[in-house]
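In case you want the letters, here they are:
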Amino acid sequence: MKKIFLSLMMAMSLFGASSFYSLDNVDSLSYYYAGKNNFISKEHAKTMKADVTNRLIKAGFSFGQTDALILVVKINAIVVDKTQVVNVEISLAEDVVTNRKEKIEAFSLTYIDSKMFKTQTPYKDSMKTLDTLIDKFIALHKDDNEE
Amino acid sequence: MKLLVLILSLYSLLFAAHIDTFAQEMNYSRDYNSALAQAKKENKMLMILVVGDYCPWCKKFERKTMKRKCVDAKVKADFIPVIIDKYKDKGKYPEQFYSPVIPSVYFVDARNEESLHQSVAYMKKDEFLDNLDDALMSYEE
């Protein structure tokens, strides 16, 4: 088990910024925000949604279609010694047909990326981190869909 | 009889491991020794693709690189490909190909089972095509 974990970690470091997830044919998205924190107000959440969706539309994704894949943005935080520890995560959720007996259908996460950090300026740093995660998502999508 | 063969084939496909399905679909050998014999017979290099069923990078490499038509055509033209499960096939292939990192591809001179070139980790089709060229150059030298 240790060997498997070590190999996986070695492989992860070799591949650097790339990801083993596949974003082939991911075109249509639906935005969903979930967060447990004390620094993102409803207004902030609206701005964040507009920023994320506009960037993704510019990158070629569409929003508002039926049965789109769900792009989940999750920002959770806890306070430790007067400092916020924040976890920003984006994931993709969709219906998939599994390889289990009887080809069971499941609502699954098919992409996930996150970053955890401590900060004194949680809103600003969360938006910066979210930007980075969206950048990586767009880059991987481009990479996976090129001929 | 034909019906029995068909049922057996369907049954084996249904319960085949991912690696077996890939091998069948891509016409890769699953047996090191028979692939080696074929490589000797056809005077080609042996290409050993070492993967693991727990390894997401291996699956991506198979799906995004090895299944590309341009890659597959070059592999089939110049190499005899065999796919090996790093752990489950242990003992069925030589220890010098027990790679610490997967996916790994060994390009082997079938005459003496010496690895002349190795590609390590996931790579995109263009990079892997370059590796195929490098392997062939090593063989011709």
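Another aspect to go through is the overall build of chain B. Summing up its helical and strand segments, chain B has six helices and four strands in all. Counting helices and strands in the order they occur from the N terminus, chain B gives α-α-α-β-α-α-β-β-β-α. Burial statistics for chain B: of 141 residues in total, 48% are counted as buried. Contacts spanning at least 24 positions in sequence make up 66% of the contacts within chain B whose residues lie at least 6 apart.

Residues and elements named next belong to chain B. Applying the stated criterion across every chain, the model contains one disulfide over all chains. The disulfide that involves C55 links it to C58, with 2.3 Å between the sulfurs. Measuring handedness by torsion sign, the sulfur bridge of C55 and C58 sits at about 90° and is right-handed.

It is worth spelling out the packing of aromatic side chains at this point. All names here are of chain B. On inspection of all chains with the given rule, the structure shows 15 aromatic pairs over all chains. Here the aromatic rings of Y32 and F97 are separated by 6.2 Å at their centres, their planes lie at 40°, and the arrangement is tilted. With a gap of 65 residues between them, Y32 in helix α3 (residues 32-42) and F97 in the loop between β2 (79-85) and β3 (104-109) connect regions that are remote in the sequence. Overall, the relative accessible area of 2% leaves Y32 in the buried class.

Let us now look at the packing of helix α5 (residues 69-78) of chain B against helix α6 (residues 125-140) of chain B. Residue and element names in this part refer to chain B. Interhelical geometry of α5 versus α6 gives an angle of 15° and a closest axis separation of 10 Å. Overall, the two elements α5 and α6 adopt an arrangement that is roughly parallel. Between α5 and α6 lies a crossing of left-handed hand. Contacts from C70, V71, K74, V75 and D78 of α5 reach α6 at K125, F128, L129, L132, D133 and L136. A class-by-class count of the residues in the contact of α5 with α6 yields seven nonpolar, no polar and four charged.

Residues and elements named next belong to chain B. Taken in spatial order, the four strands make up an open sheet running β2-β1-β3-β4, and their pairing is mixed. Because the sheet does not close on itself, it has two edges, and the strands there are β2 and β4 (114-120). On average, adjacent strands in this sheet sit at an angle of 20° to one another, irrespective of strand direction. The pairing of strand β1 (residues 45-51) with β2 spans seven bridges and is parallel. Bridging from a neighbouring strand, M45 pairs with F79 of β2. Relative to the sheet, helix α2 (residues 18-26) contacts β1 and β2, its axis offset from that of β2 by approximately 170°.

Now for the environment of A34 of chain A. All names here are of chain A. If you trace the backbone, A34 turns up in strand β1 (residues 28-36). The sequence separation of A34 and V72 amounts to 38 residues, and the corresponding C-alpha distance is 7.2 Å. Ignoring any residue separated from it by four or fewer positions in sequence, one finds A34 in contact with V73, K74 and I75.

All names here are of chain A. Pairing within the open sheet is mixed, and its five strands lie in the order β2-β1-β3-β4-β5. Among the strands making up the open sheet, the edge pair consists of β2 (62-63) and β5 (105-119). Contacts from helix α2 (residues 42-58) reach β1, β2 and β3 (69-80) within the one sheet, and its direction differs from that of β1 by about 150°.

Taking burial as the measure, the 11 residues of helix α4 (residues 56-66) of chain B include nine buried ones, the bulk of the element. Burial in α4 of chain B covers these residues: P56, W57, C58, K60, F61, E62, K64, T65 and M66 of chain B.

Once that is clear, we can look at the side chain of T129 of chain A. All names here are of chain A. With respect to the helices and strands, the residue T129 is situated in helix α3 (residues 122-145). A residue is classified by how much of its surface remains accessible, and T129, at 9% relative accessible area, is buried. At 2.8 Å, the side chain of T129 forms a polar contact with the backbone oxygen of D125. When neighbours within four sequence positions are excluded, T129 is seen to be in contact with V88, K115 and F117.

Time to look at the confidence of the model for chain A. Residues and elements named next belong to chain A. Mean pLDDT over chain A stands at 89; residues scoring 70 or higher make up 88%. Looking over chain A, one finds the lowest element-wise mean pLDDT in helix α1 (residues 2-15), namely 47, and the highest in α2, namely 97. Throughout residues 1-17 the model reports pLDDT below 50, and contacts reaching past four residues in sequence, or to other chains, amount to 21 contacts.

What follows deals with the environment of A135 of chain B. All names here are of chain B. In this structure, A135 sits in helix α6. For the pair formed by A135 and Y106, sequence separation is 29 residues and the distance between their alpha carbons is 9.1 Å. If we ignore the near neighbours within four places in the chain, the residues touching A135 are M45, F79, F107 and H117.

Quick notes on the rules
- Residues numbered from 1 in each chain as written.
- Chains lettered and ligands numbered in written order.
- Predicted model: local features only at pLDDT ≥ 70, side-chain atom pairs only at ≥ 80, totals over all residues.
- Heavy atoms only, no water.
- Helix = DSSP H or I, 4+ residues; strand = E, 2+ residues; numbered from the N terminus.
- Buried < 20%, exposed > 50% of the residue type's maximum accessible area, 1.4 Å probe, protein only.
- Contact = heavy atoms within 4.5 Å.
- Disulfide = S-S within 2.5 Å.
- Phe/Tyr/Trp six-rings, centres within 6.5 Å; stacked < 30°, edge-to-face > 60°.
- Axes fitted to C-alpha atoms, helices over the stretch in contact; angles between N-to-C directions.
- Parallel < 35°, antiparallel > 145°, perpendicular 65-115°, else oblique.
- Left-handed = near helix turned anticlockwise from the far one by under 90°.
- Nonpolar A, V, L, I, M, F, W, Y, C, P; charged D, E, K, R; others polar.
- Pairing = 2+ DSSP bridges.
- Polar contact = N/O pair within 3.5 Å; in protein donor to acceptor, adjacent residues only side chain to side chain.
- pLDDT = per-residue confidence, 0-100.

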